[in-house]
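Structure at a glance
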Amino acid sequence: MPISLTATVEHFPIAGAFTISRGSKTTASVVTCRVTDGELWGWGECVPYARYGESVESVLSAIETVRPLIEEGMTRTDLQKAMKAGAARNAVDCALWDLEAKRSGSSAAALVGIAGPTPLTTAYTLSLGEPDQMRAQAAKHAHRALLKVKVGTADDTARIRAVRSGAPASRIILDANEGWTAANLAAHFTACAENGISLIEQPLPAGRDEILASLPRPVPVCADESVHATEDLERLVGRYDAVNIKLDKTGGLTEALRMRAAAEALGLKIMVGCMVGSSLAMAPAVLVAQGADFVDLDGPLLLSKDRTPGLRYEASLVFPPEASLWG
């Protein structure tokens, strides 16, 4: 049956503010794509990211460009060639997965080959702030099994110590968002090792991370901004120990699954992450994250209001999506 496609913009208020090394925001603006054959429908959500030159307007324009092709019957496989990796393709790809699952009478998990997706331990993200503020944040969430902590200043040693002091039993991921430099990298690595940090995410700017291949890495280092598509992976070997797979970067579930398989074949650990979005954006990522080494799918927990129905979160666990949400 013919498919029609629509895309809309939605805004979700963030609880407080979300602060990283590049700035703060108080609202998550997302683009929602919906495809329908007149009887069944599927949807997907993406988060345009300015770091990659994206805006709500550019994403809507990209989706509109491909809309006639989708309505003529373009498949998910063809979509990978028709659209570049990024947020716009993510929304369309995930909407097509959702529709395909409903048409099959099964589930997206079954289509992927997952017999029974299970709950996952997800990180909870703490914003960048002064050391005392970050210690207080960490103490407030010290009951969580895994914390992801935003850093990325010229001297984060006090912040690293403060967070560990506030949450002595939690596993901790540090995310520098490209904010460290070759000059301060060794000192930060030492502080991370001394404070039992489990993973360091994107310490150096993408394209200026060659030193990672020659500098001892006492704590595993994960690529985020340095990896977008599967073809990026081989040059990361020797520099990074893990890769952060985000559907808004890969351009959807289809490419994310391909990237994960390729990364594992290269011996890289897997982290599955997210932008700040609603449960609809997290749902397909939960499938990619099954069995991953690190999971960071806490976007809805950072919002003051999520979709209804949304994903189920209990303590540090995120549960697979119900069909009423996605898949």
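Residues numbered from 1 in each chain as written. Predicted model: local features only at pLDDT ≥ 70, side-chain atom pairs only at ≥ 80, totals over all residues. Heavy atoms only, no water.

**Points about the side chain of Thr125**
The condition that has to hold: Runs of H or I in DSSP of at least four residues are treated as helices and runs of E of at least two as strands, each being numbered from the N terminus. Residue burial is assigned from relative accessible area. The probe radius is 1.4 Å, only protein chains are included, and a residue is buried under 20% of its type maximum, exposed over 50%, and partly exposed in between.
With respect to the helices, strands and loops of the structure, Thr125 is situated in strand 5 (residues 124–126). You can call Thr125 buried: its relative accessible area is 7%.

**Examining the nonpolar core**
Stated precisely, the cut-off is as follows: What is meant by a nonpolar core is a set of buried Ala, Val, Leu, Ile, Met, Phe, Trp, Tyr and Cys residues, joined one to another through side-chain atoms within 4.5 Å. Whether two residues are in contact is decided by their heavy atoms, any of which lying within 4.5 Å being enough.
Ranked by size, the top nonpolar core spans 78 residues in total, and within it Val149, Leu174, Trp180, Val243, Leu297 and Trp326 carry the most contacts. If you tally residues by element for this core, the top one is helix 10 (residues 279–288), at eight residues. Residues within four places of Trp326 in sequence aside, it is in contact with Trp43, Cys94, Trp97, Asp98, Ala108, Leu253, Leu280, Ala283, Pro284, Leu287 and Pro321. Core analysis: the second largest hydrophobic core is formed by 21 residues, Cys33, Leu79, Ala88 and Leu96 among them.

**Structural notes on the packing of helix 6 (residues 157–166) against helix 7 (residues 185–194)**
Selection criterion: Each axis is a line fitted through C-alpha atoms, taken for helices only over the stretch in contact, and angles between the N-to-C directions span 0 to 180 degrees. In this scheme, roughly parallel covers angles under 35 degrees and roughly antiparallel covers those over 145, while 65 to 115 is roughly perpendicular and the rest are oblique. Residue classes follow a fixed rule: Ala, Val, Leu, Ile, Met, Phe, Trp, Tyr, Cys and Pro count as nonpolar, while Asp, Glu, Lys and Arg count as charged, and any other residue, Gly among them, counts as polar.
Contact geometry of helix 6 with helix 7 gives a least axis separation of 9 Å together with a crossing angle of 10°. Here helix 6 lies roughly parallel to helix 7, going by the angle between them. Contacts between helix 6 and helix 7 involve Thr157, Ile160 and Arg161 from the first element and His188, Ala191, Cys192 and Glu194 from the second. In terms of residue class, the contact of helix 6 with helix 7 is made up of three nonpolar, two polar and two charged.

**Description of the environment of Thr153**
Stated precisely, the cut-off is as follows: For this analysis, a polar contact is any N or O atom pair within 3.5 Å, provided that within protein one partner can donate a hydrogen and the other can accept it, and provided that sequence-adjacent residues contribute only side-chain to side-chain pairs.
Summarising the element assignment, Thr153 is placed in the loop between strand 6 (146–150) and helix 6. With 31 residues separating them in the primary sequence, Thr153 and Asn184 have C-alpha atoms 9.6 Å apart. What Thr153 contacts, discounting residues up to four positions off in sequence, is Leu128, Arg159, Gly179, Trp180, Asn184 and His188. Engagement of the side chain of Thr153 in a polar contact is seen with the side chain of Arg159, the distance being 3.1 Å.

**Section: the sheet that holds strand 3 (residues 41–46)**
Formally: Strands pair, by our definition, only if DSSP identifies at least two bridges between them.
An order of 1-2-3 is seen for the three strands of this open sheet, with the pairing classed as antiparallel. Only two strands of the sheet have a single partner each, and these edge strands are strand 1 (4–20) and strand 3. Geometrically, the sheet is characterised by an average inter-axis angle of 20° between neighbouring strands, direction not taken into account. With six bridges connecting them, strand 2 (residues 23–36) and strand 3 associate as antiparallel partners. By the bridge assignment for strand 3, Val31 is matched with Cys46. This element, helix 3 (residues 87–104), spans strand 1, strand 2 and strand 3 of the sheet and lies at about 155° to strand 3.

**Considering the pairing of strand 3**
With respect to burial, strand 3 is a largely interior element, five of its six residues being buried. Here strand 2 hands over to strand 3 after four residues, with Gly38 in that stretch at a positive phi of 95°.

**Description of the pattern of salt bridges**
Our working definition: By convention in these notes, a salt bridge is any Lys or Arg side-chain nitrogen within 4 Å of a carboxyl oxygen on Asp or Glu.
A full pass over the atoms with the stated rule returns 23 salt bridges. Here Arg159 ties to Asp156 by a salt bridge, and the two come within 3.4 Å at their closest N and O atoms. No difference in accessibility class separates Arg159 from Asp156, as the two residues are buried. Here Lys249 and Asp224 are joined by a salt bridge, their closest N and O atoms 2.7 Å apart. Placement of Lys249 in helix 8 (residues 247–250) and of Asp224 in the loop between strand 9 (221–223) and strand 10 (242–245) is noted, with a sequence separation of 25 residues between them. In this structure, Lys249 and Asp224 share a single accessibility class: buried.

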